Amino acid sequence: MQIKFVKYPRFIAMGEVQLEKRFQDYLDGENKIEPKDWMPDAYRKTLIRQISQHAHSEVVGMLPEANWISRAPSLRRKVALLAKVQDEAGHGLYLYSAAETLGIDRSELVDDLLSGKAKYSSIFNYPTVSWADMGAIGWLVDGAAIANQVMLCRTSYGPYARAMVRICKEESFHQRQGYEIMLSLANGTAEQKQMAQDALNRWWWPSLMMFGPTDDLSPNSAQSMKWKIKRKSNDELRQEFIDKTVPQAEFLGLTVPDKDLKWNEEKQGYDYGEIDWEEFYNVVKGNGPCNKQRLADRVKAHEAGAWVREAANAYAAKEAKRKADKGQAA
Ligand code: BYC
């Protein structure tokens, strides 16, 4: 039998410690937490932090690719890239909605992004300098995103898990879209192949950084794993991504830019070189190559969209009044 874990009325008399124990037992029984269920404050805060950072990443993630929509080399490529970028806007919206079920207002989350207070994925602070970067982003960045997000389909918070199922389906198309661009370039002229190699050289290490710091230096991981928000650790996911992606690079005839990359028969996985964590923390702190530009672009887009928000609010107020007047008349 499933125990529905609500604080009231059954558990209202319980102390915080008892509630937390019941909460953990409930999670250990592989049950999902839903918005109206009781949850520790720290669980709520962790989810708001992670889901909103994820939403911001999707929204900022549109910028490096949007740069190439008007320069895609064919109508087919343009349509696919446009659809991908639109999907990312949609992912941002599902995720902001999931965060709102935890009792926070979307405008507060957006303000935190625009003021530079909130984090978003480090990967989107790198420039997209050639068409091959669209291939590398789809293949590597969306590939890394899938590795991370498939486990989030089983995360313990219901609205986040359900949003992730939908997002992952779309991410698979994004990854194929990117890999297909890489395949065409790798099988094209020597110059095109070189473009693909150059993109791999620049995106490989930042893609590995997407998984976050190593497990021993990840302050949030232990608790998030206990609460089953995260199902696999940063290092586990990074390893899975490398093991899946290296053969794909070989198939393309491209070289992964890591002289220490080597198959390890015993662990049945690749050993890889040291990640430049100084670069990672520098980017996360706001000093990456494009941080300032990305935020300025988001602020500009938000200001330009003010009239849409105002119109939607005016319409909602008008509808509410109409319903209230109708109710009074009845
Ligand atoms: N960049 O204790 P840790 C996409 C922060 S969007 C920046 O391991 P946690 C896509 C971390 O937030 C991809 N910051 O944290 C979109 C924490 O700081 P705070 C985004 C990072 O949360 C468009 C601190 O470092 N995916 O797929 O347990 C086009 C310590 O880290 C990063 C998601 O957001 C980073 N790379 O684990 C294409 C997935 N890494 O908050 C593609 C959901 C770490 O304590 N998020 N930090 O100040 C997660 O799964 C987890 O939040 C992370 C980090 C694995 C990212």
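Residues numbered from 1 in each chain as written. Predicted model: local features only at pLDDT ≥ 70, side-chain atom pairs only at ≥ 80, totals over all residues. Heavy atoms only, no water.

As a further point, take the packing of aromatic side chains. Inspection of every chain in the model, using the stated rule, returns 11 aromatic pairs. Each ring, one from phenylalanine 280 and one from tyrosine 281, has its centre 5.0 Å from the other, and the planes form 75°; the classification is edge-to-face. Its relative accessible area of 8% is what places phenylalanine 280 among the buried residues. Among the aromatic side chains, those forming a connected cluster through ring pairs are Phe23, Trp38, Tyr43 and Trp227. The ring of tryptophan 68 is capped by arginine 71, whose NZ or CZ atom sits 4.2 Å from the centre of that ring. (Phe/Tyr/Trp six-rings, centres within 6.5 Å; stacked < 30°, edge-to-face > 60°. Buried < 20%, exposed > 50% of the residue type's maximum accessible area, 1.4 Å probe, protein only. Lys NZ or Arg CZ within 6 Å of the ring centre and 35° of its normal.)

What follows concerns the environment of valine 60. In this fold, valine 60 is placed in helix H2 (residues 41–60). A sequence separation of 41 residues divides valine 60 from leucine 19, and the C-alpha atoms of the two residues are 38 Å apart. Sequence-distant contacts of valine 60, that is, excluding residues within four places in its chain, are made with Leu113, Tyr120, Phe124, Arg294 and Arg298. (Helix = DSSP H or I, 4+ residues; strand = E, 2+ residues; numbered from the N terminus. Contact = heavy atoms within 4.5 Å.)

The subject of this paragraph is the state of the cysteines. Summed over all chains, the structure comprises zero disulfides. No disulfide involves cysteine 153; its sulfur sits 3.7 Å from the nearest other cysteine sulfur, which is in cysteine 168. (Disulfide = S-S within 2.5 Å.)

So, about the nonpolar core. By size, the foremost hydrophobic cluster in this structure holds 81 residues, and its most contacted members are Tyr43, Ile51, Tyr157, Trp203, Trp204 and Phe241. If one sorts the elements of this core by residue count, helix H6 (residues 132–152) sits on top with 11 residues. Setting aside residues up to four positions removed in sequence, tyrosine 157 forms contacts with Lys32, Ile33, Glu34, Pro35, Met39, Tyr43, Leu47, Ile51, Ala98, Thr101 and Leu102. (Core = buried A, V, L, I, M, F, W, Y, C linked by side-chain atoms within 4.5 Å.)

Once that is clear, we can look at the environment of leucine 208. Topologically, leucine 208 is positioned in helix H8 (residues 190–209). Assessed through its relative accessible area of 0%, leucine 208 is described here as buried. Note: C-alpha distance between leucine 208 and arginine 294 (86 residues apart in sequence) is 21 Å.

On to the confidence of the model for the chain. For the chain, the mean per-residue pLDDT works out to 94, and 96% of the residues sit at or above 70. Counting contacts from residues 1–5, a segment whose pLDDT is below 50, to residues more than four positions away or on other chains yields 17 contacts. (pLDDT = per-residue confidence, 0-100.)

Lining the immediate surroundings of the ligand are 33 residues, of which Gln53, Lys119, Ser218, Lys230 and Asn234 lie closest. Here an oxygen atom of the ligand and a backbone polar atom of asparagine 220 are 3.0 Å apart. In this structure, an oxygen atom belonging to the ligand sits 2.6 Å away from a side-chain N or O atom of lysine 230. Bound to the protein, the ligand loses 90% of the 1000 Å² it would expose on its own. Contributing elements (two or more residues each) for the shell around the ligand: H2, H6, helix H7 (158–186) and helix H11 (277–287). The residue makeup of the shell around the ligand, split by class, is 13 nonpolar, 13 polar and seven charged. (Near = heavy atom within 4 Å. Polar contact = N/O pair within 3.5 Å; in protein donor to acceptor, adjacent residues only side chain to side chain. Areas by Shrake-Rupley, 256 points an atom, 1.4 Å probe, with all protein chains shown as cover. Nonpolar A, V, L, I, M, F, W, Y, C, P; charged D, E, K, R; others polar.)

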